[in-house]
Amino acid sequence: MQSAPRTAAQGHRVRLEPRSDVLPSNGSAEVRLAALAEHDAHRIRALNTQIEQAIAIRQRNQSGQFSTSVKFSVNAGPGLYIIQLTLGTPPQTFPLIMDTGSQLIWMQCQPCQFCVSQNATLFSPSSSSSYATESCSSTACASLPRQCSQSNTCQYSYSYASQASTQGQLGTETLTLLSPEGSTSAFPGLVFGCGLNNHGEYGGAAGLVGMGQSSLSLPSQLSSVLGGKKFSYCLLSHATLPSSSSANPSSLVIGEPAAESASRMQFTPIVVNPAVVASLYYIDVLGFSVNNVRLNIAASTFSIQADGRGGIILDSGTTYTYLPSAAFSVIQQAFDTFVKLPRYSNHPYLPLCYSVQEGQETTAIPPFTVHLQGMDLAVPLDNYFTKVDEQGTYCLAIIPSSGGLQIIGNMLHQHYDVLYDLDNSRIGFLPEAC
């Protein structure tokens, strides 16, 4: 990445918009929450499948460690939020899905052998004077599953846990970022995939923006010119607000300004899962409290196991929080002890629900705390109980899982300024009005 004409200290803030195919703007809260649960189910099932494949590869290696030639990257795939990125000369703007669970930036390109529907014209490399292909000998090419063409052009192949995939040529292009104030900054040399053979469901987006920890992700590539490898976001509750709302939209900040509130944040370390070369953000959950009473759940319940299974990730692309059934049972019993409201037991996918009269929720439902390594997250009521219908049914936004990966979803950390400080391998949280 070449130097940019703008100083690094200013950074960039871009809007995050919910995917309209997952969150229809004309749907009721009940319909929208059900759509999010369905999206979650596909994402989690696919992630667990890829992690199992990674573990199997590791176990076949006699040393128990990855050799230099055997690597398996677990990439979550299509998430829930879209950003607008501008590439090329002359510049063209494209809607791309932001994914904290993958590493590659890519979008569909002409001449496309197989492309899915998108809400923008296909990018044409031949029409951009700043586009260049990456050679097979480049460092960027070496970091991806690839093969060489006769012209020594890097041909990449990249797959996601969701069975979506992209194949094409790796290239470089000038990225232009637009600030809310209307100013622009150009960043030559952004490495991205020009997808010529693409499969999956992207909701009209032109491709994906990987926000993971690898060298090819957007925060990594911009780190030298924006003051560090870091980004932050503050997510609104798109389960209850119309997706068409433009007031105070969710936002993504890239570079040093993402850390402007770091002195007021609490931090927890990013945990490494040695079984996979992953872009996923594992964190160390120690336990939970209900009504300020620490629950009797062993911290090992949430730990990464020696074979790489288990563990908890923080994921912007999953809505609900998913915990082991045994831990969920303890949490459910604690709420039942303190909540003196009628139970509602007919919800199709959220097991713990109460019938609440208007105004009761703030006094009848006790506080909930997530204990992380190095900090406690006392989350607001709306983050852990959600209203699911017009009859006043409130449900705990946690779903028990039968095993595998555990997830802290975006609902539990909505309305927080969340800083991914990759330079220091930590994630920070600050309650914030987005």
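Bear in mind the structure is a predicted one, so any value in this text is a computation, not a measurement. (Residues numbered from 1 in each chain as written. Predicted model: local features only at pLDDT ≥ 70, side-chain atom pairs only at ≥ 80, totals over all residues. Heavy atoms only, no water.)

On to the environment of Asn291, then. Inspection of the secondary structure puts Asn291 in the loop between strand S15 (285–290) and strand S16 (293–294). Apart from the residues within four sequence positions on either side, Asn291 is in contact with Phe338, Pro366 and Pro367. (Helix = DSSP H or I, 4+ residues; strand = E, 2+ residues; numbered from the N terminus. Contact = heavy atoms within 4.5 Å.)

Moving on: the sheet that holds strand S19 (residues 343–344). Backbone-to-backbone hydrogen bonds pair the strands of a sheet. The strands run either parallel or antiparallel. Strands sit in the order S19-S20-S24-S23 across an open sheet of four strands; the sheet is antiparallel. Single-partner strands in this sheet number two, and they are S19 and strand S23 (385–387). Across three bridges, the pairing between S23 and strand S24 (residues 393–396) is antiparallel. For Thr386, the partnering residue across the bridge sits in S24 and is Cys395. Along the sheet, helix H4 (residues 325–338) contacts S19, strand S20 (353–355), S23 and S24; its crossing angle with S24, the most-contacted strand, is approximately 140°. (Pairing = 2+ DSSP bridges. Axes fitted to C-alpha atoms, helices over the stretch in contact; angles between N-to-C directions.)

The subject of this paragraph is the nonpolar core. A general tendency of soluble globular proteins is for nonpolar side chains to be buried together. Counting 102 residues, the largest nonpolar core has Leu252, Phe335, Phe368 and Tyr384 as its most contacted members. Sort the elements by how many residues they give to this core and helix H1 (residues 29–60) lands first, with eight residues. Excluding anything up to four places from it in sequence, Tyr384 contacts Phe335, Ile365, Pro366, Pro367, Phe368, Val379, Cys395, Leu396, Ala397 and Leu412. (Core = buried A, V, L, I, M, F, W, Y, C linked by side-chain atoms within 4.5 Å. Buried < 20%, exposed > 50% of the residue type's maximum accessible area, 1.4 Å probe, protein only.)

A separate point is the UniProt feature "active site" (unreviewed entry) in the protein chain. When the UniProt feature table is mapped onto this chain, "active site" (unreviewed entry) is found at Asp99 and Asp315. Across 217 residues, the annotated set stays spatially compact, with a maximum C-alpha separation of 8.7 Å. As for its position among the elements, Asp99 is in strand S3 (residues 92–99). A distance of 3.0 Å separates polar atoms of two side chains, one belonging to Asp99 and the other to Arg43. (UniProt positions renumbered as here; feature names shortened; annotations may be inferred. Polar contact = N/O pair within 3.5 Å; in protein donor to acceptor, adjacent residues only side chain to side chain.)

Turning our eyes to something else, we now look at the packing of aromatic side chains. If you walk through the whole model with that rule in mind, you get 18 aromatic pairs. Centre to centre, the rings of Phe288 and Phe302 are 5.5 Å apart; their planes meet at 80°, and the pair counts as edge-to-face. Residue Phe288 is located in strand S15, and its partner Phe302 is located in the loop between S16 and strand S17 (312–314); the two are separated by 14 residues in the primary sequence. For the pair shown, Phe288 and Phe302 are each scored as buried. With a centroid separation of 5.3 Å and 40° between ring planes, the pair formed by Phe368 and Tyr384 is classed as tilted. Taken as a pair, Phe368 in strand S21 (residues 368–372) and Tyr384 in helix H6 (residues 381–384) lie far apart in primary sequence, 16 residues in all. You can call Tyr384 buried: its relative accessible area is 3%. These aromatic residues form a ring-pair network of at least three members: Phe288, Phe302, Phe335, Tyr354, Phe368, Tyr384 and Phe385. The aromatic ring of Phe267 is capped on one face by Arg426, whose charged end is 3.6 Å from the ring centroid. (Phe/Tyr/Trp six-rings, centres within 6.5 Å; stacked < 30°, edge-to-face > 60°. Lys NZ or Arg CZ within 6 Å of the ring centre and 35° of its normal.)

Read from one edge of the open sheet, four strands run S16-S15-S21-S22, paired in antiparallel fashion. In this open sheet, the two edge strands, each paired with only one partner strand, are S16 and strand S22 (375–379). Bridge count between S21 and S22: five bridges; the pairing is antiparallel. The residue of S22 that forms the bridge with Val370 is Leu377. Set on the sheet, H4 makes contact with S15, S16 and S21; between it and S15 the angle comes to about 20°.

Another point: the environment of Ala140. Residue placement: Ala140 occurs in helix H2 (residues 139–142). Ala140 sits 31 residues away from Gly171 along the chain, and the two C-alpha atoms are 9.5 Å apart. The contacts of Ala140, once residues within four sequence positions are left out, are Glu134, Leu170, Val191 and Leu216.

What follows covers the side chain of Thr321. Along the chain, Thr321 falls in strand S18 (residues 321–324). A polar contact of 3.3 Å, which involves the side chain of Thr321, links it to the backbone nitrogen of Gly409. When sequence neighbours within four positions are dropped, the list of residues in contact with Thr321 reads Ala397, Ile398, Ile399, Ile407, Ile408, Gly409 and Leu412.

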